[in-house]
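Chain by chain, the residues:
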Amino acid sequence: MKLTDKRFWKFEAMMLLCGVILLCQMLVVLLCNGVEFESCNGAALILLFPALCLSFAISGVPTWLVYKGNSWLRLAGWLYLFSALLLIMPLLTFLFDWNPVTANIRPDNIPADEGKYFTDNEFIIMICAGWAALLIIPVLITSYLTKRWIVNKRWIVKMIPDITPGYLLDSARRAVKGNVSPNVRAILMNYTHNHLILKCYLDSIPTDIDREMLSDIAGEIVGDFPPNEIPTVTEICEASNVEIPKLGVCDSFVYIRNNEL
């Protein structure tokens, strides 16, 4: 998936919702533990909200780039991993004392008669454990809602025994929008026996960018259907000066450049 895909911004909106859910969850935990909110505590929570939203927005970028498939649980797994690492890695890198000698030295400001206290390392570990635990519910909720909102037609297709040409063509045309370069004359599609064939005809010899474009389009089409429906995809990218009507004898047109009509 690409960051230029308009669905990415919908996904980022869900990341903001994830921050809202996490903040509400933290408030519930604090209230259940009898914490009284004063003016300074309230100000801290207000400042915490944009920080949480920003962290999930940042975590959403690598999640969107690496995620491929139909499972919302897999999406939740990637989002949980990147969200957890975004806080845990800096804490363990810059604040955690890995020297066993200095890590257990009793701080000077702790009275000698104080038997129990938390070391800095123990406090960091508690923060990391609490962050990892609090992430579970918001990540699961937003991942499920994301799949229902962004690719809701997938759930309709799952109830259909075979892919109908209408659904497949609609999916292909959605994938093409915003992804076609100016040198593309036409994109055609053929689907038989669970085999999807995409043909891209250009003015000039195809480059790696052109092939990557066609691969992204194919990935978005496949992502709209269960894996067993389109197990095989063939991508053909070539230069052609043949008249457009003669190209699509047995194929369906997904895209035709305006000046080719």
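See above for the structure.
Basis of the calculations
- Going along each chain's sequence as written, the residues are numbered from 1 onward.
- Whole-chain, interface and lining totals are the exception, using all residues; otherwise, since this is a predicted model, local features are given only for residues with pLDDT of at least 70 and side-chain atom pairs are given and counted only at 80 or more.
- No hydrogens and no water enter the side-chain calculation; it runs on all heavy atoms of the structure.
- Counting from the N terminus, the helices are DSSP H or I runs at least four residues long and the strands are E runs at least two residues long.
- Buried means the residue's accessible area, taken with a 1.4 Å probe over protein chains only, is under 20% of the maximum for its type, while exposed means over 50%, and partly exposed covers the values in between.
- By the convention used here, residues are in contact when the closest approach between their heavy atoms is within 4.5 Å.
- Here the Shrake-Rupley method, with its probe set to 1.4 Å, supplies the accessible areas, and only the displayed protein chains count as covering residues.
- Only Phe, Tyr and Trp rings are paired, with Trp represented by its six-membered ring, and only when their centres lie within 6.5 Å; those with planes under 30 degrees apart are stacked, over 60 edge-to-face, the remainder tilted.
- Simply put, an axis is a line fit to the C-alpha atoms, just over the touching stretch for a helix, and the angle between two N-to-C directions goes from 0 to 180 degrees.
- Should an angle fall under 35 degrees it is taken as roughly parallel, and over 145 as roughly antiparallel, whereas 65 to 115 is taken as roughly perpendicular and any remaining angle as oblique.
- Multiply 1.5 Å by the residue count of a helix minus one, and that product is the helix's expected span.
- Each direction from the helix axis to a C-beta atom contributes to the arc, which is the arc of those directions.
- Crossing handedness: left-handed means the near helix sits turned counterclockwise from the far one by under a right angle, and right-handed means the same turn made clockwise.
- Residues are grouped as follows: Ala, Val, Leu, Ile, Met, Phe, Trp, Tyr, Cys and Pro are nonpolar; Asp, Glu, Lys and Arg are charged; every other residue, Gly included, is polar.
- Paired strands, in this sense, are two strands between which DSSP finds at least two bridges.

Asks: Go over the overall build of the protein with me, naming the residues and quoting the values.
Replies: When you go through the protein residue by residue, the secondary structure sums to 10 helices and four strands. Helices and strands appear in the protein in the N-to-C order α-α-α-α-α-α-α-α-β-β-α-β-α-β. Considering the protein as a whole, with its 261 residues, one finds that 37% of them fall into the buried category. Long-range pairs, those at least 24 residues apart, make up 73% of the contacts in the protein between residues at least 6 apart in sequence. Counting only carbon and sulfur atoms, one obtains 66% of the accessible surface of the protein, whose full area is about 15,200 Å².

Asks: Break down the packing of aromatic side chains for me, citing the residues and quoting the values.
Replies: Scanning all chains against the criterion turns up seven aromatic pairs. Pairwise contacts between aromatic rings join Phe8, Trp9, Phe11 and Trp64 into one cluster.

Asks: Can you tell me about the packing of helix H5 (residues 120-134) against helix H6 (residues 136-150), naming the residues and giving the values?
Replies: Viewed as axis vectors pointing N to C, H5 and H6 meet at an angle of 30°, and their least axial separation amounts to 4 Å. Taken as axis vectors, H5 and H6 run roughly parallel relative to one another. When H5 is examined against H6, the residues Ala132, Ala133 and Leu134 are found in contact with a partner set consisting of Ile136, Ile137 and Pro138.

Asks: Give me H6: which residues, what numbers.
Replies: Its 15 residues give H6 an end-to-end C-alpha distance of 21 Å, which sits within 8% of 21 Å, the value for a rise of 1.5 Å per residue. Those residues of H6 that sit buried are Pro138, Val139, Thr142, Ser143, Thr146, Lys147 and Ile150. The buried side chains of H6 occupy one side of the element, clustering within an arc of 150° when seen end-on.

Asks: Describe the side chain of Thr142, with residues and values.
Replies: In this structure, Thr142 sits in helix H6. Using a relative accessible area of 0% as the deciding quantity, one classes Thr142 as buried. When residues no more than four places from it in sequence are discounted, the contact partners of Thr142 are Met14, Leu17, Cys18, Ile21 and Leu79.

Asks: Got a sec to walk through the packing of helix H3 (residues 72-95) against H6? Specific residues and values, please.
Replies: Running from amino to carboxyl end, H3 crosses H6 at an angle of 135°, the nearest separation of the two axes being 9 Å. Here H3 is positioned oblique relative to H6, judged by the angle of their axes. Read as a crossing pair, H3 and H6 show a hand that is right-handed. Residues Trp72, Leu73, Leu75, Ala76, Leu79 and Tyr80 of H3 form the contact with H6, whose participating residues are Ile136, Val139, Leu140, Thr142, Ser143, Tyr144, Thr146 and Lys147. Residue composition of the contact of H3 with H6, grouped by class: 10 nonpolar, three polar and one charged.

Asks: How would you summarise the environment of Leu52 if you had to cite specific residues and measurements?
Replies: Structurally, Leu52 can be placed in helix H2 (residues 39-66). With 30 residues separating them along the chain, Leu52 and Leu22 place their C-alpha atoms 8.0 Å apart. The residues touching Leu52, leaving out its near neighbours within four places in the chain, are Gly19, Leu22, Leu23, Met26 and Trp131.

Asks: Talk me through the environment of Ser204; I want residue IDs and the actual numbers.
Replies: With respect to the helices and strands, Ser204 occurs in the loop between strand E2 (195-202) and helix H9 (208-222). Along the chain, Ser204 and Asn183 lie 21 residues apart, while their C-alpha atoms are 7.2 Å from each other. Excluding anything up to four places from it in sequence, Ser204 contacts Asn183 and Ala239.

Asks: Which residues make up the sheet that holds strand E3 (residues 232-239), and what values do they have?
Replies: Spatially, E3-E2-E1-E4 is the arrangement adopted by the four strands of the open sheet, whose pairing is mixed. Single-partner strands in this sheet number two, and they are E3 and strand E4 (252-256). Across the sheet, the axes of successive neighbouring strands diverge by a mean angle of 15°, strand direction being ignored. Summarising the sheet, strand E1 (residues 184-192) and E4 pair through four bridges and their orientation is antiparallel. By the bridge assignment, Ile187 is partnered in E4 with Tyr255. H9 rests against E1, E2 and E3 of the sheet, and its axis sits at about 150° to E3.

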